[in-house]
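Read off the chains here:
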Amino acid sequence: MFGVAVDLSGTRKTMGLEEKLPSGVLLTTVELAAGYARKGSLWPASFGLACCAIEMMATGAGRYDLARFGMEVFRGSPRQADLMIVAGRVSQKMAPVLRQIYDQMAAPKWVLAMGACSSSGGMFNNYAIVQGVDHIVPVDIYLPGCPPRPEMLIDAILELHDKIQNTKLGVHREREIAALEKEALAATPLHLQKGLMR
(Lines give C-alpha, C1' and ligand atoms only; values in the text may rest on other atoms or scores of the structure.)
Protein backbone atom coordinates (compact mmCIF):
# COMPACT_ATOMS: atom_id res chain seq x y z
CA MET A 1 0.00 0.00 0.00
CA PHE A 2 1.42 3.36 -1.03
CA GLY A 3 0.44 6.79 0.24
CA VAL A 4 1.61 10.33 0.60
CA ALA A 5 1.52 12.21 3.86
CA VAL A 6 1.12 15.99 3.59
CA ASP A 7 1.27 18.33 6.56
CA LEU A 8 -1.21 21.15 6.03
CA SER A 9 -0.92 22.72 9.46
CA GLY A 10 -0.03 26.37 9.32
CA THR A 11 -0.48 26.65 5.56
CA ARG A 12 -4.20 27.52 5.52
CA LYS A 13 -4.77 30.38 3.11
CA THR A 14 -7.73 32.68 3.41
CA MET A 15 -9.72 33.31 0.31
CA GLY A 16 -12.20 36.10 0.11
CA LEU A 17 -12.88 39.48 1.57
CA GLU A 18 -10.96 38.98 4.82
CA GLU A 19 -7.59 38.88 3.08
CA LYS A 20 -8.32 42.21 1.38
CA LEU A 21 -9.33 43.86 4.65
CA PRO A 22 -6.56 43.37 7.20
CA SER A 23 -8.14 45.85 9.63
CA GLY A 24 -11.68 44.50 9.17
CA VAL A 25 -13.13 47.84 8.03
CA LEU A 26 -14.83 48.35 4.67
CA LEU A 27 -15.95 51.72 3.37
CA THR A 28 -18.22 52.09 0.35
CA THR A 29 -21.07 54.19 -0.99
CA VAL A 30 -24.75 53.36 -0.90
CA GLU A 31 -24.79 53.28 -4.71
CA LEU A 32 -22.04 50.65 -4.85
CA ALA A 33 -23.61 48.53 -2.09
CA ALA A 34 -27.05 48.68 -3.73
CA GLY A 35 -25.55 47.89 -7.14
CA TYR A 36 -23.68 44.92 -5.72
CA ALA A 37 -26.86 43.57 -4.12
CA ARG A 38 -28.97 44.15 -7.24
CA LYS A 39 -26.57 42.54 -9.66
CA GLY A 40 -26.30 39.42 -7.51
CA SER A 41 -30.04 38.89 -7.19
CA LEU A 42 -31.51 39.16 -10.69
CA TRP A 43 -34.64 37.07 -11.23
CA PRO A 44 -35.49 36.72 -14.90
CA ALA A 45 -39.04 36.45 -16.19
CA SER A 46 -39.57 33.44 -18.41
CA PHE A 47 -40.47 34.95 -21.76
CA GLY A 48 -39.24 32.60 -24.46
CA LEU A 49 -40.92 33.13 -27.81
CA ALA A 50 -38.99 31.08 -30.37
CA CYS A 51 -35.80 29.13 -30.98
CA CYS A 52 -33.69 31.44 -28.80
CA ALA A 53 -35.68 30.20 -25.82
CA ILE A 54 -34.07 26.76 -26.18
CA GLU A 55 -30.64 28.35 -25.77
CA MET A 56 -31.94 30.38 -22.82
CA MET A 57 -33.18 27.17 -21.17
CA ALA A 58 -29.83 25.49 -21.83
CA THR A 59 -28.13 28.39 -20.06
CA GLY A 60 -30.20 27.71 -16.97
CA ALA A 61 -29.45 23.97 -17.04
CA GLY A 62 -26.58 22.20 -15.31
CA ARG A 63 -23.92 22.58 -18.00
CA TYR A 64 -23.85 26.39 -17.96
CA ASP A 65 -25.55 26.92 -14.57
CA LEU A 66 -26.92 30.43 -14.19
CA ALA A 67 -27.16 29.70 -10.45
CA ARG A 68 -23.54 30.87 -10.23
CA PHE A 69 -24.88 34.38 -10.78
CA GLY A 70 -27.91 34.14 -8.49
CA MET A 71 -30.34 33.62 -11.39
CA GLU A 72 -31.38 29.99 -11.06
CA VAL A 73 -35.09 30.75 -10.73
CA PHE A 74 -36.96 31.83 -13.86
CA ARG A 75 -40.08 33.47 -12.53
CA GLY A 76 -43.53 32.78 -13.95
CA SER A 77 -44.98 35.95 -12.45
CA PRO A 78 -43.75 39.36 -13.63
CA ARG A 79 -44.25 40.77 -10.15
CA GLN A 80 -41.42 38.55 -8.91
CA ALA A 81 -39.03 39.30 -11.78
CA ASP A 82 -36.70 42.20 -12.51
CA LEU A 83 -35.06 41.00 -15.74
CA MET A 84 -36.95 40.25 -18.94
CA ILE A 85 -35.01 38.17 -21.44
CA VAL A 86 -36.93 38.52 -24.70
CA ALA A 87 -35.78 35.37 -26.47
CA GLY A 88 -37.08 35.19 -30.02
CA ARG A 89 -39.24 37.06 -32.49
CA VAL A 90 -42.10 39.23 -31.24
CA SER A 91 -45.23 39.23 -33.36
CA GLN A 92 -47.58 42.21 -33.56
CA LYS A 93 -50.15 40.24 -31.55
CA MET A 94 -47.61 39.46 -28.82
CA ALA A 95 -46.38 43.07 -28.52
CA PRO A 96 -49.18 44.29 -26.18
CA VAL A 97 -48.70 41.21 -23.97
CA LEU A 98 -44.97 41.89 -23.79
CA ARG A 99 -45.62 45.51 -22.80
CA GLN A 100 -48.17 44.47 -20.17
CA ILE A 101 -45.73 42.01 -18.60
CA TYR A 102 -43.02 44.67 -18.63
CA ASP A 103 -45.35 47.16 -16.93
CA GLN A 104 -46.20 44.61 -14.22
CA MET A 105 -42.55 44.03 -13.32
CA ALA A 106 -41.28 45.79 -10.21
CA ALA A 107 -38.79 48.61 -10.61
CA PRO A 108 -35.85 48.63 -11.10
CA LYS A 109 -36.20 46.38 -14.12
CA TRP A 110 -34.00 45.50 -17.06
CA VAL A 111 -34.56 44.05 -20.54
CA LEU A 112 -32.20 41.86 -22.55
CA ALA A 113 -33.06 41.41 -26.24
CA MET A 114 -31.77 37.93 -27.08
CA GLY A 115 -31.18 37.05 -30.71
CA ALA A 116 -31.40 38.85 -34.02
CA CYS A 117 -35.19 38.60 -34.17
CA SER A 118 -35.84 40.39 -30.90
CA SER A 119 -33.06 42.91 -31.55
CA SER A 120 -33.98 43.91 -35.09
CA GLY A 121 -36.64 41.59 -36.50
CA GLY A 122 -33.99 39.27 -37.92
CA MET A 123 -34.83 37.59 -41.20
CA PHE A 124 -38.54 38.30 -40.73
CA ASN A 125 -38.83 41.67 -42.44
CA ASN A 126 -42.60 41.66 -42.79
CA TYR A 127 -45.79 43.14 -41.37
CA ALA A 128 -46.34 40.42 -38.75
CA ILE A 129 -43.09 40.73 -36.78
CA VAL A 130 -42.01 43.70 -34.68
CA GLN A 131 -38.74 45.01 -36.12
CA GLY A 132 -36.94 45.23 -32.80
CA VAL A 133 -38.37 44.86 -29.32
CA ASP A 134 -37.07 48.33 -28.49
CA HIS A 135 -40.19 49.67 -30.23
CA ILE A 136 -42.19 48.26 -27.30
CA VAL A 137 -39.94 48.29 -24.20
CA PRO A 138 -36.62 50.00 -23.42
CA VAL A 139 -33.77 47.56 -23.98
CA ASP A 140 -30.63 47.56 -21.83
CA ILE A 141 -28.54 44.89 -23.59
CA TYR A 142 -28.73 43.63 -27.18
CA LEU A 143 -27.46 40.11 -27.78
CA PRO A 144 -26.93 39.28 -31.48
CA GLY A 145 -26.94 35.83 -33.02
CA CYS A 146 -29.32 33.35 -34.57
CA PRO A 147 -29.60 31.78 -32.07
CA PRO A 148 -26.96 33.04 -29.67
CA ARG A 149 -25.06 30.37 -27.77
CA PRO A 150 -25.47 30.03 -23.99
CA GLU A 151 -21.94 31.39 -23.53
CA MET A 152 -23.02 34.56 -25.34
CA LEU A 153 -26.06 34.91 -23.07
CA ILE A 154 -23.86 34.52 -19.99
CA ASP A 155 -21.52 37.21 -21.36
CA ALA A 156 -24.49 39.54 -21.96
CA ILE A 157 -25.73 38.90 -18.42
CA LEU A 158 -22.28 39.74 -17.04
CA GLU A 159 -22.31 42.96 -19.09
CA LEU A 160 -25.71 43.72 -17.58
CA HIS A 161 -24.25 43.04 -14.12
CA ASP A 162 -21.60 45.70 -14.79
CA LYS A 163 -24.28 48.12 -15.94
CA ILE A 164 -26.38 47.46 -12.82
CA GLN A 165 -23.34 47.77 -10.54
CA ASN A 166 -22.64 51.27 -11.88
CA THR A 167 -26.26 52.50 -11.89
CA LYS A 168 -26.71 55.80 -10.08
CA LEU A 169 -29.37 56.34 -7.41
CA GLY A 170 -31.68 59.23 -6.50
CA VAL A 171 -30.86 62.65 -7.92
CA HIS A 172 -27.79 61.26 -9.70
CA ARG A 173 -30.02 58.76 -11.55
CA GLU A 174 -32.44 61.50 -12.62
CA ARG A 175 -29.54 63.51 -14.04
CA GLU A 176 -28.21 60.43 -15.82
CA ILE A 177 -31.63 59.70 -17.36
CA ALA A 178 -32.03 63.32 -18.47
CA ALA A 179 -28.58 63.25 -20.12
CA LEU A 180 -29.35 59.97 -21.89
CA GLU A 181 -32.70 61.29 -23.14
CA LYS A 182 -31.03 64.46 -24.42
CA GLU A 183 -28.42 62.37 -26.22
CA ALA A 184 -31.11 60.14 -27.75
CA LEU A 185 -33.11 63.13 -28.99
CA ALA A 186 -29.99 64.64 -30.57
CA ALA A 187 -29.15 61.39 -32.40
CA THR A 188 -29.99 60.86 -36.05
CA PRO A 189 -33.43 59.23 -36.45
CA LEU A 190 -33.38 55.64 -37.64
CA HIS A 191 -35.17 56.37 -40.90
CA LEU A 192 -32.43 58.88 -41.84
CA GLN A 193 -29.50 56.63 -41.01
CA LYS A 194 -27.63 55.14 -43.96
CA GLY A 195 -26.76 51.50 -43.63
CA LEU A 196 -25.85 48.56 -45.83
CA MET A 197 -29.42 47.95 -46.93
CA ARG A 198 -30.17 51.50 -48.16
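Provided above is the structure to which this section pertains.
(A) Fine view of the pattern of salt bridges. In total, this model carries 5 salt bridges according to the counting rule given. The residue Lys163 makes a salt bridge to Asp140 at a minimum N-O spacing of 3.6 Å. Pair noted here: Lys163 is in helix α6 (residues 150–165) and Asp140 is in the loop between α5 (116–120) and β4 (141–143), with a separation of 23 residues, a long-range link. Overall, Asp140 belongs to the partly exposed group, its relative accessible area being 23%. Notably, a salt bridge pairs Glu151 with Arg149, separated by 3.5 Å at the nearest N-O pair. Note on Glu151: relative accessible area 40%, which makes it partly exposed.

(B) Broad picture of the packing of helix α2 (residues 30–39) against α6. For the pair α2 and α6, interaxial distance at closest approach is 8 Å and the crossing angle is 155 degrees. Judged by the angle between their axes, α2 and α6 are roughly antiparallel. Both α2 and α6 take part in a crossing whose hand is right-handed. In this structure, α2 contributes Glu31, Leu32, Gly35, Tyr36, Arg38 and Lys39 to the contact, and α6 contributes His161, Ile164 and Gln165.

(C) Inspection of the nonpolar core at higher detail. Judged by nonpolar contacts, the single largest core of 22 residues is most densely connected at Leu42, Met71, Leu83, Leu112, Met114, Leu153 and Leu160. Looking at which element gives the most residues to this core, the answer is α6, with 6 residues. If near-sequence neighbours (up to four positions away) are discounted, Leu42 is found in contact with Gly70, Met71, Asp82, Leu83, Trp110, Leu160, His161 and Ile164. In terms of nonpolar packing, the next biggest core, distinct from the first, is built from 16 residues, Phe47, Ala95, Ile101 and Val139 among them.

Each value, and the rule that gives it
Residues numbered from 1 in each chain as written. Predicted model: local features only at pLDDT ≥ 70, side-chain atom pairs only at ≥ 80, totals over all residues. Heavy atoms only, no water. Salt bridge = Lys/Arg side-chain N within 4 Å of Asp/Glu carboxyl O. Helix = DSSP H or I, 4+ residues; strand = E, 2+ residues; numbered from the N terminus. Buried < 20%, exposed > 50% of the residue type's maximum accessible area, 1.4 Å probe, protein only. Axes fitted to C-alpha atoms, helices over the stretch in contact; angles between N-to-C directions. Parallel < 35°, antiparallel > 145°, perpendicular 65-115°, else oblique. Left-handed = near helix turned anticlockwise from the far one by under 90°. Contact = heavy atoms within 4.5 Å. Core = buried A, V, L, I, M, F, W, Y, C linked by side-chain atoms within 4.5 Å.

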